[in-house]
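Analysis of the macromolecular model
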Number of protein chains: 12
Amino acid sequence: MVGMLRVLIMNGPNLNLLGRRETDVYGSKTLEQIEAAIMQVADEMGVTVVFFQSNHEGAIIDKLHEALDDFDGIVINPGALTHYSYAVRDAIAAIAMPVVEVHMSNIHGRESFRERSVTAAACTGQISGFGAASYEHGIRAVVQSIKDAADVR
Amino acid sequence: MVGMLRVLIMNGPNLNLLGRRETDVYGSKTLEQIEAAIMQVADEMGVTVVFFQSNHEGAIIDKLHEALDDFDGIVINPGALTHYSYAVRDAIAAIAMPVVEVHMSNIHGRESFRERSVTAAACTGQISGFGAASYEHGIRAVVQSIKDAADVR
Amino acid sequence: MVGMLRVLIMNGPNLNLLGRRETDVYGSKTLEQIEAAIMQVADEMGVTVVFFQSNHEGAIIDKLHEALDDFDGIVINPGALTHYSYAVRDAIAAIAMPVVEVHMSNIHGRESFRERSVTAAACTGQISGFGAASYEHGIRAVVQSIKDAADVR
Amino acid sequence: MVGMLRVLIMNGPNLNLLGRRETDVYGSKTLEQIEAAIMQVADEMGVTVVFFQSNHEGAIIDKLHEALDDFDGIVINPGALTHYSYAVRDAIAAIAMPVVEVHMSNIHGRESFRERSVTAAACTGQISGFGAASYEHGIRAVVQSIKDAADVR
Amino acid sequence: MVGMLRVLIMNGPNLNLLGRRETDVYGSKTLEQIEAAIMQVADEMGVTVVFFQSNHEGAIIDKLHEALDDFDGIVINPGALTHYSYAVRDAIAAIAMPVVEVHMSNIHGRESFRERSVTAAACTGQISGFGAASYEHGIRAVVQSIKDAADVR
Amino acid sequence: MVGMLRVLIMNGPNLNLLGRRETDVYGSKTLEQIEAAIMQVADEMGVTVVFFQSNHEGAIIDKLHEALDDFDGIVINPGALTHYSYAVRDAIAAIAMPVVEVHMSNIHGRESFRERSVTAAACTGQISGFGAASYEHGIRAVVQSIKDAADVR
Amino acid sequence: MVGMLRVLIMNGPNLNLLGRRETDVYGSKTLEQIEAAIMQVADEMGVTVVFFQSNHEGAIIDKLHEALDDFDGIVINPGALTHYSYAVRDAIAAIAMPVVEVHMSNIHGRESFRERSVTAAACTGQISGFGAASYEHGIRAVVQSIKDAADVR
Amino acid sequence: MVGMLRVLIMNGPNLNLLGRRETDVYGSKTLEQIEAAIMQVADEMGVTVVFFQSNHEGAIIDKLHEALDDFDGIVINPGALTHYSYAVRDAIAAIAMPVVEVHMSNIHGRESFRERSVTAAACTGQISGFGAASYEHGIRAVVQSIKDAADVR
Amino acid sequence: MVGMLRVLIMNGPNLNLLGRRETDVYGSKTLEQIEAAIMQVADEMGVTVVFFQSNHEGAIIDKLHEALDDFDGIVINPGALTHYSYAVRDAIAAIAMPVVEVHMSNIHGRESFRERSVTAAACTGQISGFGAASYEHGIRAVVQSIKDAADVR
Amino acid sequence: MVGMLRVLIMNGPNLNLLGRRETDVYGSKTLEQIEAAIMQVADEMGVTVVFFQSNHEGAIIDKLHEALDDFDGIVINPGALTHYSYAVRDAIAAIAMPVVEVHMSNIHGRESFRERSVTAAACTGQISGFGAASYEHGIRAVVQSIKDAADVR
Amino acid sequence: MVGMLRVLIMNGPNLNLLGRRETDVYGSKTLEQIEAAIMQVADEMGVTVVFFQSNHEGAIIDKLHEALDDFDGIVINPGALTHYSYAVRDAIAAIAMPVVEVHMSNIHGRESFRERSVTAAACTGQISGFGAASYEHGIRAVVQSIKDAADVR
Amino acid sequence: MVGMLRVLIMNGPNLNLLGRRETDVYGSKTLEQIEAAIMQVADEMGVTVVFFQSNHEGAIIDKLHEALDDFDGIVINPGALTHYSYAVRDAIAAIAMPVVEVHMSNIHGRESFRERSVTAAACTGQISGFGAASYEHGIRAVVQSIKDAADVR
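1. Some details on the overall build of chain A
- Secondary structure summary: chain A contains 5 helices and 5 strands in total.
- Reading chain A from its N terminus to its C terminus gives the helix and strand order β-α-α-β-α-β-α-β-β-α.
- For chain A, the C-alpha radius of gyration of 14 Å lies close to 15 Å, the compact-globule estimate for 153 residues.
- Taking the principal axes of the C-alpha coordinates as reference, chain A spans close to 45 × 30 × 25 Å.

What follows is the structure, encoded as structure tokens:
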């Protein structure tokens, strides 16, 4: 593991609208502002980050597959796919690298269907409820997990 | 609200096959014929309509987002996505404009999985069971809803 | 089918209180005002309408039976009976004429018990969520259904 | 137990339409024809029968209460009330006389909601699936039950 | 709030049989005896009470609506309607006055279907398990609630 | 259909113990006594009856198959197989002759698992709750059903 | 039953915070103020009351056991233990004295998990929804129950 | 049916990774190797096969629609879409040609969510558990089904 | 593994009636005709097959045990035992040889109880929906599985 | 109760394979070895034991009936019948003698369907999880139960 | 394993009341009498036993932890904690020594909530239904388990 | 908010055994080592931390109440109480300060009962799956939440 760690920050359906709609639930920061803040944390940690957002389940799966060659770990907010996409779950399980699932809102305190994550079981861990900061905690967590995995090998 | 109202008519997976397959369930009118009939109703009402059909959940979400700038209201038949796509639901909730869900068949009188709509809760209302006429009732309903919302403002 | 179409507009339990109680949920129009608006739409369409409201399940079933001789179609808002009255469902199924179920509020966006309609499966279709306008859409839908049924014969 | 046995034959919602609607499910005999056939069986058995039909749950309960003074046993087809009327169940339980529940169709071979009877638990027994003959079997069963109960005393 | 408080004591299906049937479950006091005892408590409290009993769901709903003009609060034992009548629930919710649900038996210690009350959510509170005394506690509770509500205004 | 009707009376697991064990639930008549009573009814009706009892699901299925050639109808008390034997259900469905399911106790008034019959849906009808008399009602019902079926042909 | 009745007023987890936190749900009276009000009612009724509050399920069970020797009846608000503590339920069942369960809020009108009480089935009865007055109604109810039980003996 | 039969072999999400990831579950053969083996079987059978893989639900639906004109039958492994994509189910139902669902692993012997297939009901049949050989059995099965269907016509 | 492979073809309850009853569901081929066709396939493959059918769960289990010594693999259609016989499941698990479960009809497209197989989890794989051809695909699949297992050893 | 106690040791489906298959789950002792060990314990206790094993539900029920005359108590391991055979349950309930259900593995720590015993409710008690020693504990328990029952008489 | 085996006998909530309350369910022996009987069995077996009872879940967990150093095995009757205390389950799993769960009553023959044990899965085995003798069987079982475990090492 | 932030680190049942038992699931670090690591992070962040562990639900609730006066935020691993302690949930809701729930293992990837957290809904957010690092991420998250809350005020 020579060189900078490379982390992919993925966002699923509707997260491109962050900060522009339903600001009472998701806060007023746009996705661009959140990405800028993540970039700053990443710089401090000496980590290279790349951002990816799509409303297409298939595109997210394609990107997860590509990540096998290009990244050391992933922070993913699958949006509503969290609750039903067994295909995303299988993609995460298949690539077998550190993947941290994040949610801005506390998924345990909203509609009951949001309480269940079908994707989390295939991830290293899950962080939810801290607004935009969930991503920052997520990047720290994934870097830690990458390092732990490297130590084991 | 100056000028003609603009309404987007969206159709989800498999509705491009209307009138060509399973005509005993969905009737013998093709999607083109249905759209022509809708156009006529729209003309009478002085409403501009645009049609969109896709078998891709992601493309439907993208289009819902774009509709924010281009349309005053939406009539959507999400097809089978009705029953599991929380991502489409979140997209409808996010754009917060009048959206009417329509179904040609009576979803309460078929297989039990069709009875439940995960998208309807985010819509203004739902119309089901009137065959091709569901769209006509839908366009009247969305126009009414747009006007009511305008009155409130 | 000579002469004007005759449509029965039925309202179930508690709908006599419309506009006087819980106006935040059901709007401020009284049942009389709604009926007046329906009357106007009916006149434009050249349709005769008769109104019936009862808080008694049995009276609603009796009236549905009588409708066999007196009406060509029915618009019904069964109120809370929607959620448990298999007897009303059987009455609708028995008379086998076009029956449109309407709800003023969006039944998919309230308490979970309201999401399920046991009566809708026996109806031609269902319209919900458009406030008082649900009745207007309902009368158009039932007239269309009567005409379609007549064409088939 | 001197004199002829008196049996009340009760029919719940929509059974007044028998033989006139949905004849493929319930047969082509009208309620009057069925009652005539029952009368003949009753005569042969030396039993006095009285008939009662109502679409009103409350009227059925009132009649069950009155039966305490006027009848020795009851044959009841509660129609769709079978599936949800705990009030009818409690009325049957309260009067504590032989009550036989009958259904013309086989309630186990139709929609799943018809499979469950909330009233049967309070009855002596249940007979379903023999068309109009269910009533004839019912009257024999209730007379037998009345006699058995009398023997015990 | 000048003059004596007026409270309506409502009883649903089968409660007219109190003291005459199933005395092991509901005690040996008749409804008349219970009403006399309530009257005495009411007199001591300086409250006017009126009694109403019906086996008809519709009549109970009608009476609840009338109560809007004639009473300050209601004590209701809906009998078995407790477990399925969303129509009674909606009527209670609509009139928005203090309504106390009472049950003579402990509904938590009998058949499992009795454990659930669909009407209680629309009431101020619920009292169950104290036999005829449930009504006495109910009248005290509703009077207290009326006074509390008056204080707030 | 020349000559006497032939009816098979089948009893499933544990019914050979009738009258010897659990007499409080199933009564004190032995299976032999019940069979003698059935024989008498059959004689009066001019029907030939044959009795069969087995504790083996497979033997019951074998006998149902053989009945195709030897009998005109069947009265069956499947005992506890009622609640889980889809194999017996399929055997009844396969032979497609009048089959009446009988139970001595009221299956709706005991443990909840007894409330559900997986075999009844494949039968002509079901009779439960009349003790030994359930068989007598059953033989009348099956004979009636055989005659009705013959009339149709 | 010579001398004053002795009643234990028990409060479970978190009720020590009453009046200090979440006053919108539970009101602004502190537990001390509520106890003072109860004391006054008790004095009027000539009843000795003792108060006990604990956040420990085990301490509540210990106290229930001790109550066997020291008290004639109990008013208990088990707090959230209501919804899962079968151990508290068994303790109440074991001591077999009049125990009244009280809740300040209407447990039927909040989150669905609060609707179910596992402890109520072991109590004499339940009172919920009257704020601090629930305790007052509870003390009257338990005293009545103690006297009724004494009369029986 | 002149000329060679044309069969489309479709693979859903994540199956492009076969043989490269999770080889303990899915075996070590790559999709290319499996396709080569299928090709050989097809050649022996005189059948033309075309391969299609996508991680996009919408692309799979589009391809199913196109297959109407280009193929005589389909072998499909929908991957995780098997468990929730009612849209793929509807597409299969719409095209009404022989479609065989295959799975490499035994879906009955893994996580419980994999046990249920929402797509299989719309297919001709399902084959699961034979590793790469599931495809070979699938192609034989679909060819047999095509021939059977042709014989019927 | 010298000499010809020996495969046991087992059929459970009611499959002896194949081709004689319910031919619309199961086709018009008798079990003997199906066995003849299987024999031909087996001959082509150089495999010895033995047939066994029983309506007795116990006999099927006994035969499964005996198969340990006499056969290399098994094709089994457990009939309705598929849906509840954990005993057959355990027998299959115990003998730990290649066992392929087959069904003639598509078990995913019938009554909901048929959708679930309790035996399949213990088998190598499952094939359903191809009529009599399911057995032919089954014999190919089991032979393939036997050879794969032999290669591993 | 003169002479030696006689105890029947019954084993259900697949237990004849003990020690020969799946030894990791059930241990390496054969049924014969286990029976020999039981015999030794029985000798020490002065108890006569007889062994019976069958894979046939019906044979187990027959033997349970015969036990009425021949034995004082029973130790039974119903194998997988534990989880669905209401017929075995009824047989145990009918004979009303001390019956102890035993399992070698801990049924609470395996697949979820094994957690539920439909037969245990009809037994005196249940012992599970101690391997072959479960039978030894079972024989002690049944002898104790027989003696306790004798003391009561 | 030199010296006498040390076994801890733990009793959970309400078991201190044994023999004093609800003697019809739990028998008339007090906990002290049961402990004396256990002591005698232990003496015969040459085992040291220590008794511990608490109504506090936390105290039981603390004691389970301490047992790691002081005991070779545990017999535990968790009382009602059996049905919900995942914390006790985790404590038993953590200490990984032979632990036998015992119940005096047959938990399969009472209220349905008692049928499920969340703690048993973490134990070696479970014994229920033998009254006070359950403890005696438990101590034999745990000693056997300790010896078996020692033999393996 | 003058001075250092004070954060309470709470651990529920069985977490005192960390690093000593089940190290394959929870890792080999003891609670002391984890606390030392947390301390180091806290020092770097200029935060005062206090540690608290208890196996007693009541003690945890008491401590949560005390925290109102002494701390600015809380990191809590409720252990198995996570899955059933509504009392802990209510305590967290009552104190209304930033509370972060942490779990070392990924609760979505273990037994199904661990997937559901009844406490998380009352917390600010939840972090699970990162081993001992979950606490470090938790402390960062709670500090961030405290600062965000302070900014809002």
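Here the narrative resumes, following the displayed structure.
2. Structural notes on the relation of the copies chain C and chain B
- For the match of chain C to chain B, the screw axis carries a shift of 0.0 Å, the RMSD comes to 0.0 Å, and the turn is 180 degrees. Overall, the copies show the geometry of a two-fold rotation axis. Looking at the rotation axis and the C-alpha trace of chain C, the residue lying nearest is C:I127, at 2.2 Å.
- Comparing interface residues between copies, 100% of those in chain C also lie at the interface in chain B; the contact surface is shared.

3. Points about the arrangement of the chains
- One thing to see here is that chain H and chain K don't touch, and their nearest C-alpha atoms sit 20 Å from each other.
- One finds no contact linking chain C with chain L; the least C-alpha distance across the pair is 20 Å.

4. Details of the side chain of G:H103
Residue and element names in this part refer to chain G.
- With respect to the helices and strands, H103 occurs in strand 4 (residues 99-103).
- We classify H103 as buried; its relative accessible area is 6%.
- In contact with H103, not counting residues within four places along its chain, are N77, P78, T82, Q126, I127, S128, G129, F130 and S134.

5. Focus on the relation of the copies chain I and chain F
- When chain I is fitted onto chain F, the two copies agree to an RMSD of 0.0 Å after a turn of 120 degrees and an axial shift of 0.0 Å. These values place the two chain copies in the arrangement generated by a three-fold rotation axis.
- A low fraction, 12%, of the interface residues of chain I reappear at the interface in chain F, so the copies pair through non-equivalent surfaces.

6. Side note on the packing of helix 3 (residues 57-70) of chain I against helix 4 (residues 86-95) of chain I
Residues and elements named next belong to chain I.
- Between helix 3 and helix 4, whose axes approach to 9 Å, the crossing angle comes to 0 degrees. When the interaxial angle is binned, helix 3 and helix 4 end up roughly parallel. Only A87, V88, A91, I92 and I95 of helix 4 make contact with helix 3, whose side of the interface consists of E57, I60, I61, L64, H65 and L68.
- The residue inventory of the contact of helix 3 with helix 4, partitioned by class, reads 9 nonpolar, 1 polar and 1 charged.

7. Concerning the interface of chain C and chain B
- In this assembly, 23 residues from chain C lie in contact with 23 residues from chain B.
- In this assembly, chain C packs against chain B so that about 1800 Å² is buried in total across both faces, 53% of it on carbon and sulfur atoms.
- At the boundary of chain C and chain B, one finds 2 salt bridges.
- In this structure, the salt-bridge partner of B:E115 is C:R116, at a minimum N-O distance of 3.6 Å.
- Where chain C meets chain B, there are 8 residue pairs in polar contact (both at pLDDT 80 or more).
- Of all the secondary structure elements, the ones that give two or more residues to the side of chain C that touches chain B are strand 5 (125-128) and helix 5 (133-152) of chain C.
- With 6 residues, the top contributor of residues to the side of chain C that touches chain B is helix 5 of chain C.

8. Examining the packing of aromatic side chains
- As enumerated under the stated definition, the model contains 36 aromatic pairs over all chains in all.
- Centre to centre, the rings of A:Y84 and B:Y84 are 5.9 Å apart; their planes meet at 75 degrees, and the pair counts as edge-to-face. Separated into two different chains, A:Y84 in the loop between strand 3 (73-77) and helix 4 (86-95) and B:Y84 in the loop between strand 3 (73-77) and helix 4 (86-95) make up a pair that spans both.
- Among the aromatic residues, those joined into a ring-pair cluster are A:Y84, A:Y86, A:F113, B:Y84, B:Y86, B:F113, H:Y84, H:Y86 and H:F113.

9. Considerations on the interface of chain I and chain F
- Chain I puts 16 residues into the contact, and the matching count from chain F is 18 residues.
- In total, chain I and chain F occlude about 1400 Å² of area from one another, counting both sides; carbon and sulfur atoms represent 53% of this.
- When the buried surface of chain I facing chain F is broken down by residue, I:N14, I:R21 and I:Y84 rank first, second and third, together holding 36% of it.
- For the pair chain I and chain F, the interface holds 1 salt bridge.
- The salt bridge involving I:R114 is made with F:D90; its shortest N-O contact spans 3.0 Å.
- Summed over the shared surface of chain I and chain F, the number is 9 residue pairs in polar contact (both at pLDDT 80 or more).

10. Notes on unusual backbone geometry
- If you check the backbone angles, A:A96 has positive phi at about 45 degrees while not being a glycine.
- Within the fold, A:A96 resides in the loop between helix 4 and strand 4 (99-103).

11. Focus on the sheet that holds strand 1 (residues 5-11) of chain C
- Strand order in the open sheet made by the 10 strands is 2(B)-1(B)-3(B)-4(B)-5(B)-5(C)-4(C)-3(C)-1(C)-2(C), with mixed pairing throughout. Each edge of the sheet is formed by a strand with only one pairing partner; in this case those strands are strand 2 (47-53) of chain B together with strand 2 (47-53) of chain C. The average angle at which neighbouring strand axes cross in this sheet is 20 degrees, direction not considered.
- As paired strands, strand 1 (residues 5-11) of chain B and strand 2 of chain B are joined by 7 bridges and run parallel to one another.

12. A word on the pairing of strand 3 (residues 73-77) of chain F
Residues and elements named next belong to chain F.
- Within strand 3, 5 of the 5 residues are buried, which leaves the element mostly enclosed by the surrounding structure.
- Relative to strand 3, strand 1 (residues 5-11) runs parallel, the two being bridged by 5 bridges. Bridged to V7 within strand 3 is G73.
- Two elements, strand 3 and strand 4 (residues 99-103), share 3 bridges in a ladder whose sense is parallel. Counterpart to I76 in the pairing with strand 4 is E101.
- For the segment spanning strand 3, helix 4 (residues 86-95) and strand 4, crossover handedness is right-handed.

13. Overview of helix 2 (residues 31-45) of chain C
Residue and element names in this part refer to chain C.
- Taking 1.5 Å per residue, 15 residues should reach 21 Å; helix 2 reaches 21 Å between its end C-alpha atoms and fits that length.
- Residues of helix 2 that are buried: L31, I34, E35, I38, V41 and A42. Taken around the axis of helix 2, the buried residues stretch over an arc of 120 degrees, which confines them to a single face. The exposed residues of helix 2 that point more than 90 degrees off its buried face are Q40, D43 and E44.

14. A look at the confidence of the model for chain A
- Per-residue confidence for chain A gives a mean pLDDT of 93; residues scoring 70 or more make up 97%.
- At the level of chain-chain contacts, confidence expressed as ipTM amounts to 0.94, with global pTM at 0.95.

15. Thoughts on the sheet that holds strand 2 (residues 47-53) of chain J
- In space, the 10 strands of this open sheet follow the order 2(J)-1(J)-3(J)-4(J)-5(J)-5(K)-4(K)-3(K)-1(K)-2(K), with mixed pairing throughout. Lying at the two open borders of the sheet, with one neighbouring strand each, are strand 2 of chain J together with strand 2 (47-53) of chain K. Here the strands of the sheet are splayed against their neighbours by 20 degrees on average, with no regard to which way each runs.

16. Remarks on the environment of H:T23
- Considering the arrangement of structural elements, one finds H:T23 in helix 1 (residues 23-26).
- Accessibility expressed as a relative area gives 39% for H:T23, which makes it partly exposed.

17. Re helix 4 (residues 86-95) of chain C
Residues and elements named next belong to chain C.
- Of all 10 residues making up helix 4, 9 are buried, and the element is well covered by its neighbours.
- Among the structural elements, helix 3 (57-70), strand 3 (73-77) and strand 4 (99-103) are those in contact with the buried residues of helix 4.
- Once helix 4 ends, the next one or two residues include A96, with phi positive near 45 degrees.

18. Brief notes about the side chain of K:S128
- Looking at where K:S128 falls in the secondary structure, it is placed in strand 5 (residues 125-128).
- Classification of K:S128 by relative accessible area gives buried; the value is 0%.
- Once residues lying within four places of it in the same chain are set aside, the contact partners of K:S128 are J:T124, J:G125, J:Q126, K:H103, K:S105, K:N106, K:I107 and K:S134.

19. Structural notes on the pattern of salt bridges
- A complete count under the given rule lists 70 salt bridges over all chains for this structure.
- As a salt-bridge pair, A:K63 and A:E66 come within 3.9 Å of each other at their nearest N and O atoms. With A:K63 and A:E66 both in helix 3 (residues 57-70) and 3 residues apart, this pair spans about one turn of that helix.
- A single salt-bridge network, built from bridges that share partners, covers A:D90, H:R110, H:E111 and H:R114.

So, how was this worked out
Residues numbered from 1 in each chain as written. Chains lettered and ligands numbered in written order. Predicted model: local features only at pLDDT ≥ 70, side-chain atom pairs only at ≥ 80, totals over all residues. Heavy atoms only, no water. Helix = DSSP H or I, 4+ residues; strand = E, 2+ residues; numbered from the N terminus. Rg over C-alpha atoms; globule rule 2.2 N^0.38 Å. Least-squares fit on C-alpha atoms with pLDDT ≥ 70 in both. Contact = heavy atoms within 4.5 Å. Buried < 20%, exposed > 50% of the residue type's maximum accessible area, 1.4 Å probe, protein only. Axes fitted to C-alpha atoms, helices over the stretch in contact; angles between N-to-C directions. Parallel < 35°, antiparallel > 145°, perpendicular 65-115°, else oblique. Nonpolar A, V, L, I, M, F, W, Y, C, P; charged D, E, K, R; others polar. Buried area = accessible area lost by both parts, 1.4 Å probe. Salt bridge = Lys/Arg side-chain N within 4 Å of Asp/Glu carboxyl O. Polar contact = N/O pair within 3.5 Å; in protein donor to acceptor, adjacent residues only side chain to side chain. Phe/Tyr/Trp six-rings, centres within 6.5 Å; stacked < 30°, edge-to-face > 60°. Pairing = 2+ DSSP bridges. Right-handed = clockwise from strand over helix to strand, strands pointing away. Expected span 1.5 Å × (residues − 1). Arc of directions from axis to C-beta. pLDDT = per-residue confidence, 0-100.

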